[in-house]
Amino acid sequence: MEVRLEDEIRVLIQERKAVNLALKKLSNQLTNFNNGDSNVLLSNKVLNTNSFDSKRKSKDDGFMDYEPEKRPRVEDDSETVHRHKRLMKVGLFGYLLKAKDALVKEKDDQKILKHIEKEKLIDTKLEEKQKEQSTLLQKDIQDEYDVNKKRLEEITTELNKKQTQLMRMRLCEHYESMGNFIATSTQPTIFWAPFKFNHHLNTLRDTTRNFIDKKIELIQNTNYYE
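These numbers come from a predicted model, not from an experiment.

## Some points on the overall build of the protein
Tallying secondary structure elements over the protein gives four helices and two strands in all. Starting at the N terminus, the α and β elements of the protein follow one another as α-α-α-β-β-α. A buried classification covers 16% of the 226 residues belonging to the protein. Put simply, of all contacts in the protein between residues at least 6 apart along the chain, 81% involve residues at least 24 apart. Carbon and sulfur atoms provide 54% of the accessible area of the protein, an area that totals close to 18,200 Å².

## Structural notes on unusual backbone geometry
Note: most peptide bonds trans; most residues except glycine with negative phi. Cis geometry marks the peptide bond from Q187 to P188, where omega comes out at -5°. On the secondary structure map, P188 appears in the loop between β1 (182-183) and β2 (191-192).

## Some details on the pattern of salt bridges
By the definition in use, this model includes eight salt bridges. Taken together, the shared-partner salt bridges connect R4, E8 and K162 into one network.

## Some points on helix α4 (residues 199-220)
With 22 residues, α4 should reach 32 Å at 1.5 Å per residue; the first-to-last C-alpha distance of 31 Å fits that figure. Within the sequence span of α4, burial applies to L201, R205, T208, I212, I216 and I219. Looking down the long axis of α4, one finds its buried residues gathered within 80° of arc, a one-sided arrangement. Exposed and facing more than 90 degrees away from the buried side of α4 are H199, H200, K214, E217 and L218. Of the residues that open α4, the one with a side-chain oxygen 3.1 Å from the backbone nitrogen of H200 is N198.

About the criteria used
Position numbers for residues start from 1 in each chain and track the written sequence from start to end. Restriction of local features to residues with pLDDT of at least 70 applies here, the model being predicted, together with a cutoff of 80 or more for giving and counting side-chain atom pairs; totals for whole chains, interfaces and linings are based on all residues. Hydrogen atoms and water are omitted, and side-chain values are computed over all heavy atoms in the structure. Segments assigned H or I by DSSP are reported as helices when at least four residues long, segments assigned E as strands when at least two residues long, and all are numbered from the N terminus. Note on classification: 1.4 Å probe, protein chains only; a residue is buried when its accessible area is under 20% of the maximum for its type, exposed when over 50%, partly exposed between these limits. Contact between two residues is taken to exist if any of their heavy atoms lie within 4.5 Å; hydrogens are not considered. Accessible surface area values rest on a Shrake-Rupley calculation with a 1.4 Å probe, where residue burial reflects the displayed protein chains alone. Think of a salt bridge as a Lys or Arg side-chain nitrogen and an Asp or Glu carboxyl oxygen that are within 4 Å of each other. By this rule, a helix spans an expected 1.5 Å times one less than how many residues it contains. As used here, the arc is the angular range of directions from the helix axis to the C-beta atoms. Pairing of N or O atoms within 3.5 Å defines a polar contact, subject to two protein rules: one partner must be a possible hydrogen donor and the other a possible acceptor, and residues neighboring in sequence count only if both atoms are side-chain atoms.

Keep in mind these numbers describe shape, not what the thing actually does.
What follows is the structure, given as structure tokens:
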């Protein structure tokens, strides 16, 4: 009986150790969730749109401030007029070409902005999905933590019960073996036995047995591991 109790206690102690380790791990995970440090959350993507807008604005401002260079007034001879017309055509062509390039650039910028907006929308949806999964994971961890905590309480109760039972058994065996001895009234108590018993010594032994019976009764009603 005693050996079986010792084996059961040993198994319960090992299981309690394993459950405590699991609770510690789960507790750390829950702490990370509560602190917002969960690794399952999608990291926020930083988009510096202000710098892009500022660059675009500076380029557009440079283009809008462009003014054709003023030419000095010259004689209105036919060759000069012809040359001016040719230069004007070249300048106008260059101006129109720049305007066309600026329009294409603006369209490209709009495409980039639309692409950025799509990326933002995708990132937002991914983050929402990750948060949803994170919430479900946190709930699973909390449920597992509660199950392990309940199991730890059961193990503790069962372990205390068996350890108390083993302690009572050992103490009772110890004091029952003292029933054939005589206990002194001094402290600490000393148990002794004479070579031969007489009427007076038998009376003292009976008194000792009564003391031991009360002691055993007290042991049987004592919880040693609460």
